[in-house]
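# Structural description and commentary
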Amino acid sequence: MTHDPSHKPMVDAEALAGALRSLGMFYGASQPLAKTIEGATSEAEAIRMYIERERPHLLASYDLETLVKMVQAAREDKTDPKSGVEQYSPSDRPPAKRK
């Protein structure tokens, strides 16, 4: 019996999603994470793919490899989940205008 590695993803998308979520980087993705990182051969490559496709604006402020390390650290529970790279607070109505 042969084992076909094409049926098993190389990266744990659920764990990666949790790390991205803890950094505030997971909301509003244009497609499912598994689809975005499809074909990645390592977790680091998957993170790079996600950032380049879904969060390219972060590259104006952060080095790509720094972001990869941040996500990997979050994945390993080395960061406080309250700290985030991005902040997002959905609301039904816009904030009240100051007078």
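No experiment lies behind these values; they were computed from the predicted model shown.

## Section: the packing of aromatic side chains
Per the stated rule, a full pass over the model turns up zero aromatic pairs. We note arginine 55 situated over the ring of tyrosine 27; from NZ or CZ to the ring centre the distance is 4.9 Å.

## With respect to the packing of helix H3 (residues 43–54) against helix H4 (residues 64–75)
Their axes nearest at 9 Å, the elements H3 and H4 cross at an angle of 120 degrees. In terms of axis orientation, H3 runs oblique to H4. Here H3 and H4 pass one another in a crossing that is right-handed. From H3, Glu43, Ala44, Ile47, Arg48, Ile51 and Glu52 reach across to H4, where they touch Leu64, Glu65, Leu67, Val68, Val71, Gln72 and Arg75. Looking at the contact of H3 with H4 residue by residue, the classes come out as seven nonpolar, one polar and five charged.

## As for the confidence of the model for the chain
Put simply, the chain has an average pLDDT of 81, and 69% of its residues get 70 or more. Looking over the chain, one finds the lowest element-wise mean pLDDT in helix H1 (residues 13–22), namely 92, and the highest in H3, namely 96.

## Topic: the pattern of salt bridges
Pairing between side chains of opposite charge can happen when their charged atoms approach one another. Under the criterion given, the structure shown has two salt bridges. Notably, a salt bridge pairs glutamate 43 with arginine 75, separated by 2.9 Å at the nearest N-O pair. In this pair, glutamate 43 sits in helix H3 while arginine 75 sits in helix H4, placing the two residues 32 residues apart along the sequence. The exposure class assigned to glutamate 43 is partly exposed, which follows from its relative accessible area of 23%. The salt bridge involving glutamate 65 is made with arginine 48; its shortest N-O contact spans 2.8 Å.

## Side note on H3
Here H3 spans 16 Å end to end across twelve residues, near enough to the 16 Å set by a 1.5 Å rise per residue. The inward-facing, buried residues of H3 contact H1, helix H2 (33–36) and H4.

## A closer look at the nonpolar core
Judged by nonpolar contacts, the single largest core of 22 residues is most densely connected at Leu16, Leu20, Met25, Leu33, Ile37, Ile51 and Val71. Those elements that place two or more of their residues in this core are H1, H3 and H4. Examining the composition of this core, we find that six residues originate from one element, H3, more than from any other. Those residues within four positions of valine 71 in sequence are excluded, and the remaining contacts are Leu16, Ala19, Leu20, Leu23, Met25 and Ile47.

## Side note on the side chain of arginine 55
Note that arginine 55 resides in the loop between H3 and H4. Reaching out from arginine 55, the side chain makes a polar contact with the backbone oxygen of methionine 25 at a distance of 3.2 Å.

Calculation criteria
- Residues numbered from 1 in each chain as written.
- Predicted model: local features only at pLDDT ≥ 70, side-chain atom pairs only at ≥ 80, totals over all residues.
- Heavy atoms only, no water.
- Phe/Tyr/Trp six-rings, centres within 6.5 Å; stacked < 30°, edge-to-face > 60°.
- Lys NZ or Arg CZ within 6 Å of the ring centre and 35° of its normal.
- Axes fitted to C-alpha atoms, helices over the stretch in contact; angles between N-to-C directions.
- Helix = DSSP H or I, 4+ residues; strand = E, 2+ residues; numbered from the N terminus.
- Parallel < 35°, antiparallel > 145°, perpendicular 65-115°, else oblique.
- Left-handed = near helix turned anticlockwise from the far one by under 90°.
- Contact = heavy atoms within 4.5 Å.
- Nonpolar A, V, L, I, M, F, W, Y, C, P; charged D, E, K, R; others polar.
- pLDDT = per-residue confidence, 0-100.
- Salt bridge = Lys/Arg side-chain N within 4 Å of Asp/Glu carboxyl O.
- Buried < 20%, exposed > 50% of the residue type's maximum accessible area, 1.4 Å probe, protein only.
- Expected span 1.5 Å × (residues − 1).
- Core = buried A, V, L, I, M, F, W, Y, C linked by side-chain atoms within 4.5 Å.
- Polar contact = N/O pair within 3.5 Å; in protein donor to acceptor, adjacent residues only side chain to side chain.

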